[in-house]
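Each chain is listed here by its residues.
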Amino acid sequence: MTEVRPTEAASDSLWEREEEVAAVGQAIDTLCADRSSSGSLLMVRGEAGLGKTALLAETRRIAERRGCTVWSARGGETLRSVPFNVVRQLLQPALVSLMPEEAREYLGDWYDIAGPALGITEPGERQADPQGVCDGLVAAVRRLARRDWPLVLLIDDAHWADQETLRWLAAFAERLDDLSVLVLVARRPGEVSGESARHLEAIAAAAGRPDATLSALTPDATAGLTRATLGPHADAPFCREVWAVTGGNPYETVELLAKVQDSELEPTEGAAAELRALNRSARGGGLVARLEELGIDATRFAWAAAILGTGISVGLVAKLATMGHEDAQRCAELLQDARILTEPDPASAQADAGDLEFVHPLIASAVYNSIPDALRTAMHGIAAQVVTDSGLGAAMASRHLLQVHPDDDEELVEQLREAAGEHLAVGAPDAARRCLERALLEPPVPEAHAQVLYELGCATLLTAPAVTIDHLQTALAMPGLDGDTRVDAVFRLSQALLHNDQLEEAVRTVEAEAARHEQGPAKLRLQAVHFMWEGIYAGEAISPGRSERLTALAATCTGRDNSERALLMLRGFDALIQGENAEEVVEACDRSLVNGRLAPGLGWTDTEWGIELLLMLANSYAYTDRLDRAESLYNEALRAYESAGWSGGHLALAHAYVGLGHRRRGRLRDAESSLRESLRLAERVGRGLPLYWTATCNLVDVLLCRGHVDEAWAVAEQYGFAPPYPSTIVMPDPRSVRGRLLLAVGRTQEGINELEEAEKAAAARGHHNPVVVPWALDLARALATEDPARAGRLAADARRQAERFGTDTAIGEALRCGAALETGQRAVRLAAQAVAYLEASPCQYEHAAARVEYGIAARSVAELNRGMALARSCGADGLAAQARDVLETGRGLR
C-alpha cells in the first residue's frame, strides 16, 4: 500500500492535496518572477472539513517563504450581516500599521471614500455611494498591492462573506490583468443565494480556470495519516475503520485521531469498534455533550463566544456570560484544552481578532446552534449592549439587534435607526435596509412609524426604486410626516417613480401634493418639481398650457431662494425645447445663478433637487452656443461625483454630458472616450434606464459624426438602441439619431419612417427647436429625391424655427440643409452663408462639414483643404476622407 504524505511542515489535513499545492506553488512562482506579471485568482471549493483552511495555511507558508506579503480574512456564519467585515479583516492590518498621513497618501482621493468602510476614518455627512465605495476599495487594494509586491490575498469561507465584500472582490477580480497579485478564495459549494451567489459566480469566472474541488481522503491516505499520528503499528482494520467512520473527511479524521490519543486507545482491530463513539463526541450532539461535561460555566462561556462570533476576548465574553474575569479565564483554558477554542495563529491574526477563536467553523456552528432558542435571542440582546458599551458603535451592535424578537421596544427602534444611518454613511444601504425593516417589526411607536418608513425609502432609493415606492407611499398615507420632511418624501417618491419608468405617475403624485399646500416655499418647491418631471417627460403632453403657466410663474421669480432658482432653470429649459429665442433662454438661466455659480443647496451632490434640474440648466447653455458655461457645469459635475465617490448612475451621466460638451465643441475623439466610459458605468447600473439611453444615443451620434458608421451600428445593436424609447427626454433626440443611423447604413425607408415618428413626437410635445430635435434637417435631405417639394417645405420650416431661436449653430445648420437641396449658384450662396454662421459658432464639427460642403459646391480647392484640415482636427474621419476623395479626383476644381 502506497501512503502519500503531505509536504514537510504542512498540516495533517493536506494529505492527497499535492495537485492543489502544486498549483498554488506555480501561481506564487509566477507572481514572484516579475513585478509586471498579470495577477491571478484561484478558487477552491470543498465541503466542510475537507481542508480548505489547511490549503490556505499552506499557501501562506509557501508565500512567506518566497518573501511574499500575505493578507488574509475569513467569513463567518453569524457575521454575514456585518458590511465590509471581511474586507476590513483583509486590509485593516496593513492600513493601521501606517501613520494617518501615510494612509492618506497611499489611498489618495479614495481615502475619504473607502476609509469609512474600512474603519480607518470617520464618514462624511452625506450618504456614501455604494458603487463609489466599491471602486474606492478596489483602488485601495491596487495601490497597496504595488507597495507590498509580491502580495497574496487569502479569503477563507467566502460563502459566509458579507455582500459588500463580495461585491468588492468581484470588481477587483475583473481588474487583475494589470496588477500583479495572487488571490486565493476558499468556499463551500452552495450555502448562498441571491446577490451574494451572483458575486461568487463572477469571482469564479474571473479566475479563468476551473475551480479546484477538494474531495475526501482515500482509504490509503487515511491509513497513512492514522499511522503518521498514532504510529506505524496501527493495523489495517483499525485504519480502515477510521476511514469508514469519518468518510475520509480530513478535519474529522484529525479530530478523531486526537481523541484516540487522548483516550490512549490502542490502534488495533479490537479497539476499532470504539471509534464511532469517539467520533460522535467531536461533532454535532456529541460535541455539545462533551461541552456540557466541562461544566455550566464553560458551556456559558462557549455560548457567549459563539454569539460574539468575532473579536472574542476573555473580557467581552465575561461581560456577556455575566461571570468574573478569573472564572472566564479558567473557562477559556478548559475550552482550549478540549480543542473547542484556540488562540489565533499569530501569522494570520487580524487587528481586532480578539484573544480566542473557534478551532473550526464546524465547532462554532455546533455551539451556536446548541444554544436554546429563547436564550440565544436574549444573549444577542445582551451582546448588543455589551458591544455598544465597549464603544464599537451602533452599526456593530445592529447584527445582534437583528436577532432579537419584536417587543414594542422604542429604544431598540432608535438604536436600529442609528445603525442604519451609520451603514448608509459608509456605503452599505442593504445593511441599513435590514436594520430599518427590523425596526418596523418592533414596531415603532405610531408617531415615529411614518418616519422609519421614510428613512427606509431613502435607504433603498438607489438600489430598489420599486421597493422605495411602496415604503414612501405607505409613509405618506400615515400621520407623522409633516412640513419639509413630507415634501422631501414626495420628491423622493417621484424620483423613485422616475427611476422605475413611471414618470407619468411621478408627475401626478407631485401635482396632487402641491394642491394640498397653501402658497409658500413648500408649494413652490413642489410646483418646481412638477414642472421638472413634466419637462423631461417624452410622452404626449399631459398638461395643456404647461409652458404658459411656467412662464407666468417664473416671471414672478427673482431668484431669492432655491425654489425660485429651480423655476428659472426650468423656464430656461422649456424655452429651449420650445425653440424660443436663445437670449431669453440664457437670461432665465443666468438669473438662476448666484454670481455666475450654482447656489448653495443646488450643487451636484446636494440631494434636495437631484441631478435632472442641473442637467437641464447645463444643456440649456450647451444648445444656446454658451458652451463655456455648459462645459464648466459638466466638468464641475464630474469633479464633484469623483471626489465624493459617486461611481454609479450620477457619474455615468456626468461622463455622458462631458462627452456631449466635447461633441458640441467638435472634439469628437474626446467625446467618444467620455461616452464609452459613461456606457461602461451605465452597464453596471443597469440597462433600460434613462442614463443608459443618454450614453448610448450620444455615442452613436458621435460615431456617425466621425464617419464610423459600421461601429455606430454595432453599438446600436449591442446596446439595444432601438424602439421602444424611454419615457424621459434624452438629448440629443434618440429617434432623430436612430433615423440618421438607418439612413447611413442604407436602410433609407426605415430611416425616413423613424424620422417621421420623431416629427410626430416633437409635434405632440411642442418641441420646435431644430438643434435639439434635428429630425427635420435629416428628413429633408432623405426626401430630396423622391419628394423634393416636401423636402423644401421641411427645410424652410426648419430655417424659420432656427432664425426664431437665433443661434449661429441653428441658423448655420438650417442653411447647410437648404444648400444640400439646391443646385448651382443658389447652393453655393447658401453654403457660403452656412460657413459664415458656423464659423462664428463654437460647434467646430458643423463648421468643418459646412466648409467641405461649400468647397464641393464652389469647387474650391482652398475651401476643401480648409474643411479637410478642420475635419481632421475634430476627429471627423469620414468627413476628412470625403474632402480628400474630391480633391484627389480633382475634376472641375479651381
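Being a predicted model, the structure only gives us computed values, none of them experimental.

## A short note on the overall build of the chain
Here's step 1: Summing up its helical and strand segments, the chain has 44 helices and seven strands in all.
Here's step 2: For the chain, the C-alpha atoms occupy an extent of roughly 115 × 70 × 50 Å along the three principal directions.
Here's step 3: In the chain, which comprises 894 residues, the share counted as buried stands at 57%.
Here's step 4: In the chain, the share of contacts with a sequence separation of at least 24, taken over all contacts with a separation of at least 6, comes to 67%.
Here's step 5: Looking at the chain as shown, the accessible area adds up to about 35,700 Å², and 48% of this sits on carbon and sulfur atoms.

## Points about helix α19 (residues 394-401)
Here's step 1: Within α19, seven of the eight residues are buried, leaving the element largely enclosed by the surrounding structure.
Here's step 2: For α19, the complete set of buried residues consists of A394, A395, A397, S398, R399, H400 and L401.
Here's step 3: Residues of α19 that are buried in the fold lie against α14 (296-308), α18 (373-389), α20 (410-425) and α21 (429-441).

## Structural notes on unusual backbone geometry
Here's step 1: Here the bond from E442 into P443 is cis, since omega is -10 degrees, no more than 30 degrees from zero.
Here's step 2: Tracing the chain through its elements places P443 in the loop between α21 and α22 (446-460).
Here's step 3: Residue P723 is joined to P724 through a cis peptide bond whose omega torsion reads 0 degrees.
Here's step 4: Relative to the helices and strands, P724 resides in the loop between α35 (709-718) and α36 (734-744).
Here's step 5: Phi at E16 takes a positive value of approximately 60 degrees, unusual for a residue other than glycine.
Here's step 6: Within the secondary structure, E16 sits in the segment before α1 (18-33).
Here's step 7: The backbone phi angle of D408 is positive, close to 50 degrees, even though this residue is not glycine.
Here's step 8: Its place among the elements puts D408 in the loop between α19 and α20.

## Section: the environment of A236
Here's step 1: Mapped onto the secondary structure, A236 falls in helix α10 (residues 236-246).
Here's step 2: By relative accessible area, A236 is classed as partly exposed at 48%.
Here's step 3: Along the sequence, A236 and G661 sit 425 residues apart, while their C-alpha atoms lie 80 Å from each other.

## Here we look at the nonpolar core
Here's step 1: Counting 179 residues, the largest nonpolar core has W533, L567, L570, W604, V700 and W775 as the members making the most contacts within it.
Here's step 2: A per-element tally of this core places helix α34 (residues 690-706) first, with eleven residues.
Here's step 3: In contact with L567, not counting residues within four places along its chain, are L524, A528, F531, L550, L553, A554 and C557.
Here's step 4: Among the nonpolar cores identified, the runner-up in size contains 54 residues, and M43, L107, Y111 and F172 belong to it.

## Points about the environment of H768
Here's step 1: Topologically, H768 is positioned in the loop between α37 (748-765) and α38 (775-783).
Here's step 2: Spatially, the C-alpha atom of H768 lies 83 Å from that of A338, the residues being 430 residues apart in sequence.
Here's step 3: When residues no more than four places from it in sequence are discounted, the contact partners of H768 are I577, Q578, G579 and Q801.

## Some thoughts on the packing of helix α43 (residues 861-874) against helix α44 (residues 877-889)
Here's step 1: With their axes 8 Å apart at the nearest point, α43 and α44 run at an angle of 155 degrees to one another. Viewed along their axes, α43 and α44 adopt a mutual orientation that is roughly antiparallel. Every pair of crossing elements has a handedness; the one defined by α43 and α44 is left-handed. Of α44, the residues touching α43 (which contributes V861, L864, N865, M868, A871 and R872) are L879, A880, A883, R884, V886 and L887.

## Quick notes on the sheet that holds strand β3 (residues 151-156)
Here's step 1: The five strands are arranged β2-β3-β4-β1-β5 in an open sheet whose pairing can be described as parallel. Each edge of the open sheet is held by one strand with a lone partner, namely β2 (69-74) and β5 (212-213).
Here's step 2: Note: β2 against β3, six bridges, orientation parallel. Counterpart to A73 in the pairing with β3 is I155.
Here's step 3: Where helix α3 (residues 85-96) meets the sheet, its contacts fall on β2 and β3, and the angle it forms with β2 comes to roughly 150 degrees.
Here's step 4: In the packing of helix α8 (residues 194-207) onto the sheet, contacts are made with β1 (40-45) and β4 (181-187), and the angle to β1 comes to roughly 125 degrees.

## Observations concerning the state of the cysteines
Here's step 1: Enumeration according to the criterion identifies zero disulfides in this entry.
Here's step 2: Between C557, a free cysteine, and C589, which holds the nearest cysteine sulfur, the sulfur-to-sulfur gap is 13 Å.
Here's step 3: Taking the relative accessible area as the measure of exposure, C557 reaches 2% and is therefore buried.

## What about the confidence of the model for the chain?
Close inspection of predicted coordinates is inappropriate in any region flagged by low pLDDT.
Here's step 1: Chain-level pLDDT for the chain is 89 on average; 96% of the residues reach the 70-or-more range.
Here's step 2: Taken element by element, the chain is modelled with least confidence in helix α13 (residues 284-293), mean pLDDT 74, and with most confidence in α35, mean pLDDT 97.
Here's step 3: Across residues 1-10, where pLDDT falls below 50, the model places 22 contacts with residues more than four positions away in sequence or in other chains.

## A word on the pairing of β4
Here's step 1: Buried residues dominate β4, accounting for seven of its seven residues.
Here's step 2: Residues V181, V183, V185 and R187 of β4 are buried on one face, and the alternating residues L182, L184 and A186, pointing to the opposite face, are buried as well.
Here's step 3: In the sheet, β3 pairs with β4 via five bridges, with the strands oriented parallel. Looking at the pairing, L153 lines up with V183 of β4.
Here's step 4: In this fold, β3 hands off to helix α7 (residues 163-173), which returns the chain to β4; that crossover is right-handed.

## Some words on the environment of V245
Here's step 1: Tracing the chain through its elements places V245 in helix α10.
Here's step 2: You can call V245 buried: its relative accessible area is 10%.
Here's step 3: Every residue in contact with V245, bar those within four places of it in the chain, is listed here: L256, L275, R276 and N279.

## Considerations on the pairing of β1
Here's step 1: Of all six residues that make up β1, five are buried, and the element is covered over most of its length.
Here's step 2: Both β1 and β4 contribute to a ladder of six bridges, which runs parallel. Paired with S40 across the two strands is L182, which belongs to β4.
Here's step 3: Where β1 lies against β5, two bridges are found, and the strand directions are parallel. Directly across from V44, in β5, lies its bridge partner A212.

## Quick word on the pattern of salt bridges
When their charged atoms lie close together, side chains carrying opposite charge are able to pair.
Here's step 1: Taken as a whole, this structure holds 62 salt bridges when the rule is applied.
Here's step 2: A salt bridge links R525 to D488; the nearest nitrogen and oxygen atoms lie 3.6 Å apart. With a gap of 37 residues between them, R525 in helix α26 (residues 521-535) and D488 in helix α24 (residues 483-499) connect regions that are remote in the sequence.
Here's step 3: Looking at D488, the relative accessible area reads 10%, which means it is buried.
Here's step 4: Close ionic contact of D628 with R665 constitutes a salt bridge, the shortest N to O distance being 2.8 Å. Placement of D628 in helix α31 (residues 627-644) and of R665 in helix α32 (residues 649-665) is noted, with a sequence separation of 37 residues between them.
Here's step 5: A cluster of three or more residues bridged by salt bridges with shared partners is formed by R663, D701, R740, D778 and E846.

What counts and how
- Residues numbered from 1 in each chain as written.
- Predicted model: local features only at pLDDT ≥ 70, side-chain atom pairs only at ≥ 80, totals over all residues.
- Heavy atoms only, no water.
- Helix = DSSP H or I, 4+ residues; strand = E, 2+ residues; numbered from the N terminus.
- Buried < 20%, exposed > 50% of the residue type's maximum accessible area, 1.4 Å probe, protein only.
- Contact = heavy atoms within 4.5 Å.
- Areas by Shrake-Rupley, 256 points an atom, 1.4 Å probe, with all protein chains shown as cover.
- Core = buried A, V, L, I, M, F, W, Y, C linked by side-chain atoms within 4.5 Å.
- Axes fitted to C-alpha atoms, helices over the stretch in contact; angles between N-to-C directions.
- Parallel < 35°, antiparallel > 145°, perpendicular 65-115°, else oblique.
- Left-handed = near helix turned anticlockwise from the far one by under 90°.
- Pairing = 2+ DSSP bridges.
- Disulfide = S-S within 2.5 Å.
- pLDDT = per-residue confidence, 0-100.
- Right-handed = clockwise from strand over helix to strand, strands pointing away.
- Salt bridge = Lys/Arg side-chain N within 4 Å of Asp/Glu carboxyl O.

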